Amino acid sequence: MIKIHDLYFKPFLSSQEIAAAIDNLAYQINRDLADKKPIFLGILNGSYMVLADLTRKFDHECEVSFLRAKSYEGTSSTGVVKLGDQLDIALSGRTVVIVEDIVDSGLTVVTLSRKLQQYQPKDIKIATLFFKPDVYSQDLKIDYVGQNIENKFVVGYGMDYNNLGRNLPELYVQTERMKNIVLFGPPGAGKGTQATRLKDKYGLVHISTGDVFRYNIKNGTELGTLAKSFMDKGNLVPDEVTIKMLKAEVEKTPDAQGFIFDGFPRTDAQAKALDELLASKNTDIAGMVALEVDDEVLVERLLERGKGSGRADDANEGVIRDRISVYYKQTAPLKDYYAAQNKYYGVDGVGEMDAITDRLSVEFDKL
Ligand code: AMP
């Protein structure tokens, strides 16, 4: 995800995909206009990259010129097309190809093609790299389209958001700011159960480091064997191993709208590593939402869970108490880390499951 001014954008089309759209456009124009010696008229500013790449792929004689037009402020159309400089090329009797980066409502191309008629060209063709069929509202035919795209605001490859982003070689699409939440609480607080409910409700990706370790143990991986030696005793898996694994989990869903981190971070070093990782993606932790539950309730719950779950670390009261003590020593202080940033939200974790989901939702809604 990238940030331009106040908005967030995520990758939409790679350079290769854009090149394929250019090829498609060039193929159609080569096929139709080989012997027409067309004038390619780039509409500035947005179409400068398209024009450069397209004309390089046109295999016949042609001429190139530019016209300036502006119909956008920020992310929305103004509804008025402002045309710039005079033309510096005679269009009379010529085949003119208006080259656009993107056509959405079609206002600019319609206004332009009407205006250009006064120069009495033989023919006016419209070529656009990207076309939004859902919002095009004109009768004018778009002759050549590189690729249809959905109606979202895009930047990159010549296209801008308030003048920035034109130089990006890929295309990006506007998206919401990511919502990353640390679901916090001692072992047995109900983080896993609640995260499963909340992830669907909020469209977030749930990462439970405990679940990932158990998955690795089940599959007999090297990581699983290593983790098991710590987990069975109720100790934490070393930071270096856990942080590396967490990063790999985050990278698995580059398009995520946000994450619920369950069981991570558990140490100061993990919290800092998480901040760094998210900062590298232009995002951050929106808040730590903590389930607050008394120790005796925790022990009772975990022993009960151990009967059904088959988790070795839930079966033994000694190990359970060790985990709770590790929690107070190493993990609970993270409350202060987030509280210092005004990001701590405590929730009563005792009661009916639905009621607890509702309490958590109140906090999630605020973030
Ligand atoms: P959980 O399922 O979150 O209760 O985690 C079970 C066990 O996995 C813990 O007792 C630790 O041994 C290990 N574990 C899970 N997450 C972490 C973490 N963030 N850091 C270190 N160890 C972890």
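Heads up: these notes are all about the structure in this document. This structure is a prediction, so every number in the text was calculated from the model and none was measured.

All right, on to the layout of surface pockets then. Here the largest pocket is characterised by a volume of approximately 910 Å³. In terms of lining, the largest pocket is formed by 43 residues, of which the most central are P187, G188, K191, R305 and R311. Of all the secondary-structure elements, those providing two or more residues to the lining of the largest pocket are β11 (180-184), α4 (191-202), α5 (209-218), α9 (295-309), α11 (317-331) and α13 (353-366). Looking at the lining of the largest pocket element by element, the count peaks at five residues for α5. Considered class by class, the residues forming the lining of the largest pocket number 16 nonpolar, 17 polar and ten charged. The calculated volume of the second largest pocket comes to roughly 740 Å³. Around the second largest pocket, the lining comprises 34 residues; the ones closest to its centre are A69, K70, S71, Y72 and D160. No other element matches the six residues that strand β4 (residues 63-73) contributes to the lining of the second largest pocket. Split by residue class, the lining of the second largest pocket holds twelve nonpolar, twelve polar and ten charged.

For α9, spanning 15 residues, the distance from its first C-alpha to its last is 20 Å, which sits close to the expected 21 Å at 1.5 Å a residue. Listing the buried residues of α9 in full gives L298, V299, L302 and G306. Taken around the axis of α9, the buried residues stretch over an arc of 95°, which confines them to a single face. In this structure, α9 carries E300, E304, K307 and G308 as exposed residues pointing more than 90 degrees from its buried face. Residues of α9 that are buried sit in contact with α10 (312-315) and α11. Looking at the residues trailing α9, positive phi occurs at G310, about 75°.

Mapped onto the elements, S113 comes out in helix α3 (residues 107-116). Assessed through its relative accessible area of 9%, S113 is described here as buried. The residues touching S113, leaving out its near neighbours within four places in the chain, are I98, I124, I126 and L140.

As a further point, take the environment of Y8. Locating Y8 in the fold gives a position in strand β2 (residues 7-13). A residue is classified by how much of its surface remains accessible, and Y8, at 14% relative accessible area, is buried. A C-alpha to C-alpha distance of 9.5 Å links Y8 and T283, two positions 275 residues apart in sequence. Discounting residues that sit within four places of it in the chain, Y8 has contacts with M1, I2, K3, V173, Q174, T175, E176, R177 and N282.

Here we take up the pairing of strand β3 (residues 39-44). Along β3, six of the six residues are buried, which leaves the element largely enclosed by surrounding structure. By the bridge criterion, four bridges tie β3 to strand β6 (residues 95-103) in an arrangement that is parallel. Considered in β6, the bridge of F40 is made with V97.

Strand order in the open sheet formed by six strands is β5-β4-β3-β6-β7-β8, with mixed pairing between adjacent strands. Looking along the sheet, the strands with just one partner apiece sit at the ends: β5 (76-83) and β8 (144-148). On average, adjacent strands in this sheet sit at an angle of 25° to one another, irrespective of strand direction.

Conventions used here
Residues numbered from 1 in each chain as written. Predicted model: local features only at pLDDT ≥ 70, side-chain atom pairs only at ≥ 80, totals over all residues. Heavy atoms only, no water. 1 Å grid on protein atoms, 1.4 Å probe; cavity = no way out; pocket = protein on both sides within 12 Å on 5 of 7 lines; lining within 4 Å. Points joined across faces, edges and corners; volume = space filled by probe spheres on them. Helix = DSSP H or I, 4+ residues; strand = E, 2+ residues; numbered from the N terminus. Nonpolar A, V, L, I, M, F, W, Y, C, P; charged D, E, K, R; others polar. Expected span 1.5 Å × (residues − 1). Buried < 20%, exposed > 50% of the residue type's maximum accessible area, 1.4 Å probe, protein only. Arc of directions from axis to C-beta. Contact = heavy atoms within 4.5 Å. Pairing = 2+ DSSP bridges. Axes fitted to C-alpha atoms, helices over the stretch in contact; angles between N-to-C directions.

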